[in-house]
Amino acid sequence: MKIAIVGAGIIGVTTAWELACDGHEVHVFDRRSAAAEESSFANAGVVAPGYVTPWAAPGMRMKVLRSLLSSHGAIKLRWPLSGRDVGFMRAWQRACRLETYLANRARMQRLAFYSRQRLHGIVAAREFVYERSDGYLVLLRGKREKKLVRPGLEVLRQAGAVFREIDADEARRIEPALSPDTDLAGAIHLPDDEVGNCRQFAMLLKREAEALGAQFFFDCDIAPLARAAPRSLSLAAGSPALEFDAVIVCAGVASAALLAPLGVRVPLAPVYGYSISASIREPLNAPRSAVMDERFKVAISRMGLRVRVAGSAELGGRPGELHPGAVQTLYKVLHDWFPAAAQIESGGVQQWKGARPMLPDGPPVIGPSGVPGVWLNLGHGSSGWALSCGSARVLADMVAGREAEIDLEGLGLERLLPGA
């Protein structure tokens, strides 16, 4: 088939690769000037399937309230809040029910473990070399964190994740550069998890997809799909329409506007995350892989010759506006754990804010839109990198009419319909 993909982030690129592997004629369109320029650009890079869970969970409303009142809280509301943001919060609260959370957690983790398997298969088969390292350490500053992490450990057990509860001494043996001046009550070590440069992987896979015949077109702002011809694409600025056998929407937050004329309502909202990246000053003072500060929900990852610090969840505000408080939290956590790791005085720090395309209840939507020939692969939120390879293979199997290798219950658009 002749297939168009709208969006060339990590989801769009992996989808293009899988469809090209199946022999389709693939055309990918993106409004940016290169692949992986938005949510995939400078994220934390952590692939930890056991930690891929919905934000909509029992007890989260009180956690969010406490975070809003804390100067270094992980979750913030910013002005202005749009009607979309308010609707998202209402739907999110409804999804915090225990039975809803358990079902969505199972869906996300099933997809996450499958996706990691697919990622490793691609890397081995294509012999990819990119910035990555093995192991993930969740740092617990005190007794409060050790208590709060207990439910999460049960989630890891149920998911079949490999992990160990370790004391501070062993944590420092795994990550010798951890500062001795910051209190550390213990840690959770996940040796099978990893950190990798999402954008580098996307660029490598894009090249492989192109070798199979996939074509990528950038600086193409695609107009909303037309009800009269939903499998046709044209530029928002005006252009002749191009006809396709199928259109796959992987355009992140912009997907909702693309689909609206078709009557396909997807309650996506941008939940912004922040990161800072800086060159390593001294390798022995930098992390070996990735750590997560459980109190502040900030990850510190090694990206080759750089350190990346990523965190925050910000709803509302303006896309291009970096809030000083959010950035300052990243610097604080980096200084607490690896004070001599990065060259931050020279002014060479890359600051980034990216929109995570979130759905209120957690899992992405993968599959048919209800409009013939229009397919969806969107709403992966903060877990896009961890879910990308599996999501792409699942969608490719659907397009081909093949049975998927995992249970797809609850990953379709019908999950979000009223009364579902």
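Our subject is the structure that appears above.
Residues numbered from 1 in each chain as written. Predicted model: local features only at pLDDT ≥ 70, side-chain atom pairs only at ≥ 80, totals over all residues. Heavy atoms only, no water.

## Regarding the overall build of the chain
Along the chain, the regular secondary structure elements total 11 helices and 18 strands. For 420 residues, the compact-globule formula gives about 22 Å, and the C-alpha radius of gyration of the chain, at 21 Å, lands near that figure. For the chain, the C-alpha atoms occupy an extent of roughly 65 × 45 × 40 Å along the three principal directions. Accessible surface for the chain amounts to roughly 17,800 Å². Of this, 54% is attributable to carbon and sulfur atoms. Between the averaged position of the 49 positive side-chain charges in the chain and that of its 43 negative side-chain charges there is a distance of 6 Å. (Helix = DSSP H or I, 4+ residues; strand = E, 2+ residues; numbered from the N terminus. Rg over C-alpha atoms; globule rule 2.2 N^0.38 Å. Areas by Shrake-Rupley, 256 points an atom, 1.4 Å probe, with all protein chains shown as cover. Lys, Arg positive; Asp, Glu negative; His and termini not counted. Charge placed at Lys NZ, Arg CZ, Asp CG, Glu CD.)

## Things to note about the pairing of strand β1 (residues 2-6)
Along β1, four of the five residues are buried, which leaves the element largely enclosed by surrounding structure. Pairing geometry for β1 and strand β2 (residues 25-29), over five bridges, is parallel. Looking at the pairing, Ala4 lines up with His27 of β2. Inspection of the sheet shows β1 paired to strand β11 (residues 246-249) by four bridges, in the parallel sense. For Ile5, the partnering residue across the bridge sits in β11 and is Ile248. (Buried < 20%, exposed > 50% of the residue type's maximum accessible area, 1.4 Å probe, protein only. Pairing = 2+ DSSP bridges.)

## Observations concerning the side chain of His24
Relative to the helices and strands, His24 is located in the loop between α1 (10-21) and β2. His24 gets classed as buried once you look at its relative accessible area, which sits at 15%. At a separation of 3.2 Å, a polar atom in the side chain of His24 contacts the main-chain amide nitrogen of Met1. With residues near it in sequence (within four places) discarded, His24 still touches Met1, Ile3, Leu19 and Val399. (Polar contact = N/O pair within 3.5 Å; in protein donor to acceptor, adjacent residues only side chain to side chain. Contact = heavy atoms within 4.5 Å.)

## Some details on the packing of aromatic side chains
Within this structure, the stated rule accounts for seven aromatic pairs. On the numbers, 6.1 Å between centres and 85° between planes, the contact of Tyr51 with Tyr136 is edge-to-face. Residue Tyr51 is located in the loop between β3 (46-47) and α2 (60-69), and its partner Tyr136 is located in strand β5 (residues 132-140); the two are separated by 85 residues in the primary sequence. For the pair Phe201 and Trp385, a centre-to-centre distance of 5.3 Å together with 55° between the ring planes defines the contact as tilted. Note that Phe201 is positioned in helix α8 (residues 198-211) and Trp385 in helix α11 (residues 384-400), a separation of 184 residues in sequence. Of the two residues, Phe201 and Trp385, neither departs from the other in class, the shared state being buried. (Phe/Tyr/Trp six-rings, centres within 6.5 Å; stacked < 30°, edge-to-face > 60°.)

## What about α11?
An α-helix turns once every 3.6 residues. As a result, residues three or four positions apart point the same way. Taking 1.5 Å per residue, 17 residues should reach 24 Å; α11 reaches 23 Å between its end C-alpha atoms and fits that length. Of all the bends in α11, the greatest measures close to 30° and is centred on Gly390. Burial analysis of α11 places 15 of its 17 residues in the buried class, which makes it a mostly covered element. Downstream of α11 by one or two residues, Gly401 has phi in the positive range, about 75°. (Expected span 1.5 Å × (residues − 1). Bend = angle between axes of the 7 residues up to and from the residue.)

## Brief notes about helix α3 (residues 83-94)
Counted at 1.5 Å a residue, the expected span for α3 with its 12 residues is 16 Å, and the 17 Å between its end C-alpha atoms agrees. Residues of α3 that are buried sit in contact with α2, β12 (269-279), β15 (306-316) and β16 (350-358).

## Notes on the side chain of Lys353
Mapped onto the fold, Lys353 is located in strand β16. At a separation of 2.9 Å, a polar atom in the side chain of Lys353 contacts the main-chain carbonyl oxygen of Arg318.

## Quick word on the sheet that holds β11
Reading across the sheet, the six strands line up as β8-β2-β1-β11-β18-β17 and stay open at both edges, with mixed pairing between neighbours. With partners counted over all chains shown, the strands left at the sheet margins are β8 (215-217) and β17 (365-368), one partner each. Taken pair by pair, the neighbouring strands of this sheet meet at an average axis angle of 20°, ignoring direction. (Axes fitted to C-alpha atoms, helices over the stretch in contact; angles between N-to-C directions.)

## Structural notes on the pairing of strand β13 (residues 290-293)
Sheet faces and side chains relate simply in a regular strand, where the side chains alternate between the two faces. Of the two faces of β13, the one holding Ala290 and Met292 and the one holding Val291 and Asp293 are both buried throughout. For β5 and β13, the ladder comprises four bridges, and the chain directions are parallel. Bridged to Val138 within β13 is Met292. Bridge count for β13 against strand β14 (residues 298-303) is four bridges, and the pairing is antiparallel.

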